[in-house]
Amino acid sequence: ILTSTTTSTTSVPITSTSMPTSTSSLPPGAVALPYDASNHTVFLYIATWSNATTFNFNGTSYGQLHIYIPAGWTVIVHYTNQEGIYHNFLIVQNDTAKPTSANVANDGKILLYVGTTASSYQANGLIGGQSATSSPITLPAGIYWFCCGIVGHAEAGMWGVIISSSSVTVPYATGLSS
């Protein structure tokens, strides 16, 4: 679940039925993400929901969820799979605008593996109810995807976008439905 924060220490879970009010520093419809400004770290709470399509991140599919972070900030991902089938979470330095291959490594360089490993991401992940937290990764300015690396899952819609930019000052997300 993505969380919203009004300070760097208080976060409120966002559900599919309630959205917090946007702050004036964020684009309309954007949701602030939890972060620690003192060490430039953003915390992503991502889940594959069981009450949405099988191939989703926080109830979204096909690149609908966009996460914006300041360039050069560190990202720590906490991923939970609520589905009854295996899923994982990868960050890919992409060569294509969207996943086009059953093996996402054919579309770019995989930078982060959550709930799997570099040698097993195409077939293994977390099963329903399991969670994993990533090692920290710093993302320079650029556009990345996040996706499930299990063969065919990204192609079936299980992907989103991370934009790391020097014009972003506060981490936020867009594309979540209320």
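Everything numeric in this text was worked out from a predicted model, so none of it was measured.

(A) Examining the overall build of the protein more closely. When helices and strands are tallied, the protein shows zero helices and 14 strands. Expressed as a percentage of its 178 residues, the buried residues of the protein come to 49%. A sequence separation of at least 24 residues applies to 70% of the contacts in the protein between residues at least 6 apart. Carbon together with sulfur atoms contributes 53% to the accessible area of the protein, which is approximately 7,700 Å² in total.

(B) The side chain of Ser134, seen in detail. Inspection of the secondary structure assignment puts Ser134 in the loop between β10 (130–133) and β11 (137–138). With residues up to four places along the chain from it excluded, the contact list for Ser134 reads Val75, Ile76, Val77, Leu112 and Val114.

(C) How the structure looks around the pairing of strand β6 (residues 66–70). The buried count for β6 comes to four of five residues, which makes it a mostly enclosed element. Across five bridges, β6 lies against strand β13 (residues 159–165) in parallel orientation. Across the sheet, the residue bridging to Tyr68 is Ile163, located in β13. Pairing of β6 with strand β14 (residues 172–174) involves three bridges; the strand directions are antiparallel. Paired with Ile67 across the bridge in β14 is Ala173.

(D) Structural view of the packing of aromatic side chains. Counting across every chain of the model gives eight aromatic pairs. Taking 5.5 Å as the distance between ring centres and 75° as the angle between the ring planes, the aromatic pair formed by Phe57 and Phe89 counts as edge-to-face. Residue Phe57 is found in the loop between β5 (41–48) and β6, and its partner Phe89 is found in strand β8 (residues 89–94); the two are separated by 32 residues along the sequence. Grouping residues by exposure puts Phe57 and Phe89 together as buried. Joined through ring pairs, the aromatic side chains of Phe57, Tyr79, Phe89 and Phe146 make up one cluster.

(E) Structural detail: the sheet that holds β6. Taken in spatial order, the seven strands make up an open sheet running β3-β14-β6-β13-β12-β8-β9, and their pairing is mixed. The two strands at the open ends of the sheet, each matched to only one other strand, are β3 (31–32) and β9 (108–114). Relative to β14, β3 runs antiparallel, the two being bridged by two bridges. Paired with Val31 across the bridge in β14 is Ala173.

(F) Up close: the confidence of the model for the protein. Within the protein, residue pLDDT values average 88, and 85% of them lie at 70 or more. For residues 1–24, every residue scores under 50 in pLDDT, and the model assigns this stretch 56 contacts once sequence neighbours within four places are set aside.

(G) Spatial organisation of the nonpolar core. Core analysis: the largest hydrophobic core is formed by 30 residues, its most contacted members being Ile67, Val77, Tyr79, Phe89 and Ile91. Elements represented by at least two residues in this core include exactly β5, β6, β7 (74–81), β8, β9 and β12 (142–147).

(H) Expanded view of the side chain of Asn81. Examined against the element boundaries, Asn81 turns out to sit in strand β7. Here the side chain of Asn81 touches Leu126 through a polar contact of 2.6 Å, landing on its backbone oxygen. Residues contacting Asn81, with those up to four places away along its chain left out, are Thr48, Tyr86, His87, Leu126, Ile127, Gly128, Gly129 and Gln130.

Rules behind the numbers
- Residue numbers here run from 1 along each chain, matching the order of that chain's written sequence.
- Local features in a predicted model are, by the rule used here, given only for residues with pLDDT of at least 70; side-chain atom pairs are given and counted only at 80 or more, and totals for whole chains, interfaces and linings are based on all residues.
- Note that water and hydrogens are dropped before the side-chain values are worked out from all heavy atoms of the structure.
- Here a strand is any run of E in DSSP of at least two residues, a helix any run of H or I of at least four, and the numbering for each starts at the N terminus.
- Working definition: with a 1.4 Å probe on protein chains only, accessible area under 20% of the residue-type maximum means buried, over 50% means exposed, and in between means partly exposed.
- In what follows, residue pairs with any heavy atoms lying within 4.5 Å of each other are defined as contacts.
- Per-residue and other accessible areas follow the Shrake-Rupley method at a 1.4 Å probe size, with only the shown protein chains counted as cover for residues.
- One requirement defines pairing of two strands: DSSP has to find at least two bridges between them.
- Any two of the Phe, Tyr and Trp rings considered here, Trp counted by its six-membered ring, make a pair once their centres fall within 6.5 Å; the pair's planes then place it as stacked at under 30 degrees, edge-to-face at over 60, or tilted in between.
- Confidence scores labelled pLDDT are given residue by residue by the predictor and lie between 0 and 100.
- Each nonpolar core is a collection of buried residues, namely Ala, Val, Leu, Ile, Met, Phe, Trp, Tyr and Cys, held together in the definition by side-chain atoms within 4.5 Å.
- Polar contact is the term for a pair of N or O atoms within 3.5 Å; when the atoms are in protein, one must be able to donate a hydrogen and the other to accept it, and sequence-neighboring residues count only if both atoms are side-chain atoms.

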